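Listed here are the chains, written in short residue letters.
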Amino acid sequence: MGLVEHLRHEAAVAPASGIVAVMNYGRRQEGVIPLWAGEGDLPTPDFIRNSASNGLANGETFYTWQAGIPELRRALSDYYKRHFSAELPAEHFYVTGSGMQSIQLAIQATAGAGDEVVYLSPAWPNFAAAAGVAGATPVPVTQDFTSNGWTLDTQKIRDAITPRTKALFINTPSNPTGWTADIETLKEILAIARHHGLWIIADEIYAHFYYGARRAPSFLDVMDPDERIIFVNSFSKNWAMTGWRMGWLMIHPSLGKTMENLIQYSTSGVAQFMQRGGVVALEQGDDFIRMQVERAHQARDILCAKLAATGRVRLAPPAGAFYLLFGIDGITDSYRAAFDIVDQAKVGLAPGTAFGNGGAALLRLCFARRIDQVEEAAVRLAEWVSKR
């Protein structure tokens, strides 16, 4: 018996990422356009990096506020007032070591061994894996892929709920589908959660990457102040800070001591000099966000038009986020296809198998990159498709 067999079962069976497998393979090849990961190609802007550098130069290297430095929590409060018209004092916000840690803490606070959490699929795989590691059972609700885009039948959520269900994980706009809930759908989901006494873990990280209005609809638009909702978010996407590993939780202040304890028992807080970068990102980064969204919108339209013109690609322009999850006629095993596309088209895609139910025959592409790169990737993919 090997050492792994002596580990806790939930840790030993945590799934490997199908995305990373293709990335590791493709990185060995020259000339591959890397569209597999959920990040853009822009480095963190200078005004953010300089603020963090100044903090480091000023010796901000000691233990800090576990909930986040007061300046950052106030900046988050101002950010939500500006973009969501929400009056939320700083006590609603807790700084974390990434959006992923925010999700882990939300799970730890709401579900554990013997519990179930319902989520929408296809989905970014990390939530279901994190729930499983925590001992909870992730229960997928599969969305439908139509010519008009991805849709959700909320009755499927009702049907998935059992006496063991503790929470609903709702990612809108969605990675990988781009599905974005409208106000009525958010109201329906909230009504379901209220009826069954469930928590909602709301992942609205892509709220600005919405191509129908200034921002995507949010649970903030439909909720009461004391709802059982935990918002998880990250600095990664809006401000090109993926490598910083910094995020936040937005919660009712009555949950604050619990969340601060969970932060204490995991990371004990985020480096203060990094948080300085977060402050200026929130205070000065609106124009950078708008630029990124405009560029992604243009890239989306170019990409979708080129692939649709082949007549052999099943897609609908995503309403939000910066991913295209699409199908190619004749492909049923996207994992194998992703490796073939790296070898033959020199484009790196994520296999839909990595995103669970409903994704096996599909491929995900991240279009948050330079327009010329997206155009070239679209040409290569269209040529590859035409030769099949």
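These notes cover the structure that comes with them. (Residues numbered from 1 in each chain as written. Predicted model: local features only at pLDDT ≥ 70, side-chain atom pairs only at ≥ 80, totals over all residues. Heavy atoms only, no water.)

## A short note on the sheet that holds strand β12 (residues 323-328)
- Taken in spatial order, the four strands of this open sheet run β11-β12-β15-β14, and their pairing is antiparallel. Each of the sheet's edge strands pairs with one partner strand only, and the pair in question is β11 (313-314) and β14 (350-351).
- For β11 and β12, the ladder comprises two bridges, and the chain directions are antiparallel. Within β12, the residue paired with V313 across the bridge is I328. (Pairing = 2+ DSSP bridges. Helix = DSSP H or I, 4+ residues; strand = E, 2+ residues; numbered from the N terminus.)

## Things to note about the packing of helix α5 (residues 99-110) against helix α9 (residues 256-264)
- In contact at an axis separation of 10 Å, α5 and α9 are set at 120° when each is read in the N-to-C sense. Considering the angle they form, α5 stands oblique to α9. Considering only the axes of α5 and α9, their crossing is right-handed. Mapping the contact onto sequence places L105, Q108 and A109 in α5 and M259, L262 and I263 in α9.
- Broken down by class, the residue content of the contact of α5 with α9 amounts to five nonpolar, one polar and no charged. (Axes fitted to C-alpha atoms, helices over the stretch in contact; angles between N-to-C directions. Parallel < 35°, antiparallel > 145°, perpendicular 65-115°, else oblique. Left-handed = near helix turned anticlockwise from the far one by under 90°. Contact = heavy atoms within 4.5 Å. Nonpolar A, V, L, I, M, F, W, Y, C, P; charged D, E, K, R; others polar.)

## A few points about the nonpolar core
- In this structure, F219, W239, F322 and F367 are the most contacted members of the largest nonpolar core, which totals 107 residues.
- In contact with F322, other than residues within four places in its own chain, are G38, E39, Y206, F209, Y211, K237, A296, L365, C366, F367 and A368.
- If you look at the next biggest cluster of nonpolar residues, it comprises 26 residues, including A106, A111, A167 and I201. (Core = buried A, V, L, I, M, F, W, Y, C linked by side-chain atoms within 4.5 Å. Buried < 20%, exposed > 50% of the residue type's maximum accessible area, 1.4 Å probe, protein only.)

## Details of the pairing of strand β2 (residues 93-96)
- On β2, burial covers both faces: F93 and V95 on one face and Y94 and T96 on the other are all buried.
- The pairing of β2 with strand β10 (residues 247-250) spans four bridges and is antiparallel. Following the sheet pairing, V95 is matched in β10 by W248.

## So, the sheet that holds strand β3 (residues 116-121)
- Across the sheet, which stays open at both edges, the seven strands sit in the order β2-β10-β9-β8-β7-β3-β4 with mixed pairing between neighbours. The open sheet is flanked by β2 and β4 (137-142), the only strands paired with a single partner. For this sheet, the mean inter-axis angle between neighbouring strands, taken without regard to orientation, is 25°.
- Examined bridge by bridge, strand β7 (residues 165-171) and strand β8 (residues 199-203) share five bridges and lie parallel to one another. Pairing of L168 across the sheet is with I200, part of β8.
- Most of the contacts of helix α4 (residues 70-84) go to β2, to which it runs at about 120°, and overall it touches β2, β9 (229-234) and β10.

These figures come from the coordinates and say nothing about function on their own.
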